[in-house]
Amino acid sequence: MPDQPVVVSMTNAERLEGKYSKANLRRAIEGLNRDGVVYLANIVDTEHVEQLRLHMLEEAKILKAQKGEDASKYNHGVATNFIQAPPLTTRSLFFEDVYANDFVHQVVCSYIGPRPAWTFITGNNANKRTTERQTVHKDSSYIHPLAPSIVIANFSIERVLTCERIYGILAGFARYYHTRRSDVARPVSNHTRSRMLHSSRTARSTPQCQTPIQIVCKPGGVLLRDQRIWHAGMPNASDEDRIMLAMMFTAPWYPNDRKFKLPHFAREILEAKLLAVDVQAEYVDEEECAASMHEFGLGMQPSDPNYRSIWEESQKAA
């Protein structure tokens, strides 16, 4: 496997038509099936990326001041990165090529089935001048289906003329399809930590699995990631916070009827466009939407009560 995932670069004809050709769509789907990730280059206006970056960098100062040194308010209990949602309540920054991107929708529909649901949106801020990385994890705290069911779309929000967002992806833990019980999302105890490390070593020793890679994501590009893949956010040694957005899409058969919150004006924008996905949102006033934006939420968790949390499974086995 190369040290980068499949990259899909649109042609001028595809940009004008607003969708990929069969050849590029095939390339994207093959990449997702091979590696669990694919990179869609230059599908977002970089001026929109820059406007979001400037807004979110200012907001990040406020959020960090509120969190202080309390590690419990950061991701994975390490004070290096935290949840920071995009400015959903700012109408001038609600860009269609971010929140209703046709190329993202086309690939997602082809991978997990027609009319998937957009069920969640959040973001992550990797603090500047940090050295610690996230724990290797999956974005699921339950025993997930063995078929493609959730895709995460990561939008890099970076300075146009400087660097890029780097992800640590264990691409090809990849043949995650064959097991569920050993797929521990996060080490919540010494017992579960040892189980995760054991399953990781076992996976590395199998011929299907690949060496971990770091993925370069430039402004205007979007990384699509199968939710089942192992990954870890990497340290940010630069002098500026590193921000990415994350949108979640679920298969039409996936048991999740939870809704996330969007402001009323977003409904007008989204419903004016012929979307290939269902927007599983509750439209509320801007104040209520703002109050929910920087929480992790349960958008990924199945609403089917027959799904038992991996946390419960690990306690039962302890």
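The numbering scheme is per chain: residues are counted from 1 as the chain's sequence reads. The predicted nature of this model means local features are confined to residues of pLDDT at least 70 and side-chain atom pairs, given and counted, to a pLDDT of 80 or more, with totals for whole chains, interfaces and linings taken over all residues. Only hydrogens and water are removed before side-chain values are computed, so all heavy atoms of the structure are retained for them.

1. Examining the overall build of the chain
For step 1, the next point in the chain: Counting from the N terminus, the helices are DSSP H or I runs at least four residues long and the strands are E runs at least two residues long. Along its length, the chain carries 9 helices and 13 strands.
For step 2, the next point in the chain: Here's how the labels work: a residue is buried when its accessible area is under 20% of the maximum for its type, exposed when over 50%, partly exposed in between, all with a 1.4 Å probe on protein chains only. Of all 318 residues assigned to the chain, the portion counted as buried reaches 56%.
For step 3, the next point in the chain: Should any heavy atoms of two residues lie within 4.5 Å, those residues are counted as being in contact. Sequence separation of at least 24 residues holds for 85% of the intrachain contacts in the chain that already meet a minimum separation of 6.
For step 4, the next point in the chain: Accessible surface, the chain as shown: approximately 14,400 Å² in total, 52% of it carbon and sulfur. Residue burial considers only the protein chains on display, and all accessible areas are found by Shrake-Rupley using a 1.4 Å probe.

2. Some points on unusual backbone geometry
Most peptide bonds take the trans configuration, and most residues that are not glycine carry a negative phi.
For step 1, the next point in the chain: For N42, which is not glycine, the phi torsion reads 55° and is therefore positive.
For step 2, the next point in the chain: In this structure, N42 sits in the loop between β2 (37–41) and α3 (46–67).

3. What to know about the pattern of salt bridges
For step 1, the next point in the chain: We define a salt bridge as a contact between a side-chain nitrogen of Lys or Arg and a carboxyl oxygen of Asp or Glu at a distance within 4 Å. Counted under the stated rule, the structure contains 15 salt bridges.
For step 2, the next point in the chain: With a closest N to O distance of 2.8 Å, E240 and R53 form a salt bridge. Residue E240 is located in the loop between β9 (230–233) and β10 (242–250), and its partner R53 is located in helix α3; the two are separated by 187 residues in the primary sequence. Of the two residues, E240 and R53, neither departs from the other in class, the shared state being buried.

4. What about the nonpolar core?
For step 1, the next point in the chain: Put simply, a nonpolar core is a bunch of buried Ala, Val, Leu, Ile, Met, Phe, Trp, Tyr and Cys residues held in one set by side-chain atoms that sit within 4.5 Å of each other. Residues L40, V104, W118, L224 and L262 are the most contacted members of the largest nonpolar core, which totals 64 residues.
For step 2, the next point in the chain: Those residues in contact with L262 that sit more than four places away from it in its chain are L88, F94, W118, L270, V279, A281, E282, Y283, V284 and C289.
For step 3, the next point in the chain: In this structure, V37, Y39, C217 and L223 belong to the second largest nonpolar core, which totals 8 residues.

5. Thoughts on the confidence of the model for the chain
For step 1, the next point in the chain: On average, residues of the chain score 79 in pLDDT, and 74% of them are at 70 or above.
For step 2, the next point in the chain: Every residue carries a pLDDT, the predictor's confidence in it, which falls somewhere between 0 and 100. Here helix α6 (residues 190–205) stands out as the element of the chain with the lowest mean pLDDT, 37, in contrast to helix α5 (residues 102–112), whose mean of 98 is the highest.
For step 3, the next point in the chain: Here residues 160–167 is a poorly scored stretch, pLDDT under 50, and it has 33 contacts once near neighbours within four places are set aside; other chains count.

6. Remarks on the packing of aromatic side chains
For step 1, the next point in the chain: Here the aromatic set is Phe, Tyr and Trp, taking the six-membered ring for Trp, and pairing holds for ring centres within 6.5 Å; pairs whose planes are under 30 degrees apart are stacked, those over 60 apart are edge-to-face, and all others are tilted. In the structure shown here, the tally under the stated rule is 5 aromatic pairs.
For step 2, the next point in the chain: A centroid spacing of 6.4 Å and a plane angle of 65° characterise the contact between W253 and Y254, whose relative ring orientation is edge-to-face.
For step 3, the next point in the chain: Judged by its relative accessible area of 5%, Y254 is buried.
For step 4, the next point in the chain: Following the ring pairs from residue to residue traces out a cluster consisting of F94, Y99 and F265.

7. Description of helix α7 (residues 264–271)
For step 1, the next point in the chain: All of the buried residues in α7 are F265, A266, I269 and L270. Each buried residue of α7 sits inside an arc of 130° when the element is viewed along its axis, so together they form one side. Opposite its buried face, α7 presents the exposed residues E268 and E271, each directed more than 90 degrees away.
For step 2, the next point in the chain: Considering only its buried residues, α7 is in contact with α4 (96–99), β4 (117–126), β11 (260–263), β12 (278–279), β13 (281–284) and α8 (286–292). The directions considered for the arc run from the helix axis to the C-beta atoms.

8. Structural notes on the pairing of strand β8 (residues 222–226)
For step 1, the next point in the chain: Where burial is concerned, most of β8 is hidden: 5 out of the 5 residues are buried.
For step 2, the next point in the chain: Residues of β8 alternate between two faces, with V222, L224 and D226 on one and L223 and R225 on the opposite face, all of them buried.
For step 3, the next point in the chain: DSSP bridges decide pairing: two strands pair if at least two such bridges lie between them. Note that β2 and β8 share 4 bridges and pair antiparallel. Its bridge partner being in β8, L40 is matched across the sheet by V222.

9. Quick word on α5
For step 1, the next point in the chain: Taken across its 11 residues, α5 has 9 buried, putting it largely inside the fold.
For step 2, the next point in the chain: Of the positions making up α5, those classed as buried are F103, V104, H105, Q106, V107, V108, C109, Y111 and I112.
For step 3, the next point in the chain: Tucked into the core, α5 has its buried residues touching α1 (12–17), α2 (22–35), β2, β5 (150–157), β8 and β10.
For step 4, the next point in the chain: Within two residues after α5, G113 carries a phi angle of roughly 115°, on the positive side.

10. As for the packing of α2 against α5
For step 1, the next point in the chain: Fitted lines through C-alpha atoms serve as axes, helices being fitted only where they are in contact, and the angles separating the N-to-C directions of these axes extend from 0 to 180 degrees. Relative to each other, α2 and α5 sit at 55°, their axes nearing to 10 Å. Classified by the angle their axes make, α2 and α5 are oblique. Crossing geometry of α2 relative to α5 is assigned as right-handed. From α2, L25, A28, I29, L32 and N33 reach across to α5, where they touch Q106, V107, S110 and Y111.
For step 2, the next point in the chain: By residue class, the composition of the contact of α2 with α5 is 6 nonpolar, 3 polar and no charged. Note on angle classes: values under 35 degrees are labelled roughly parallel, values over 145 roughly antiparallel, values of 65 to 115 roughly perpendicular, and the remainder oblique. Two helices cross in a left-handed way if the nearer one is turned anticlockwise from the farther one by less than a right angle. They cross in a right-handed way if the turn is clockwise. For this classification, the nonpolar set comprises Ala, Val, Leu, Ile, Met, Phe, Trp, Tyr, Cys and Pro, the charged set comprises Asp, Glu, Lys and Arg, and every other residue, Gly included, is treated as polar.

11. Notes on the environment of E59
For step 1, the next point in the chain: Position of E59 relative to the elements: it lies in helix α3.
For step 2, the next point in the chain: Residues E59 and P86, 27 residues apart in the sequence, show an inter-C-alpha distance of 9.8 Å.

12. What about the environment of N256?
For step 1, the next point in the chain: Within the secondary structure, N256 sits in the loop between β10 and β11.
For step 2, the next point in the chain: By relative accessible area, N256 is classed as buried at 7%.
For step 3, the next point in the chain: Taking the C-alpha atoms as reference points, N256 and Q280, separated by 24 residues in sequence, lie 9.7 Å from one another.

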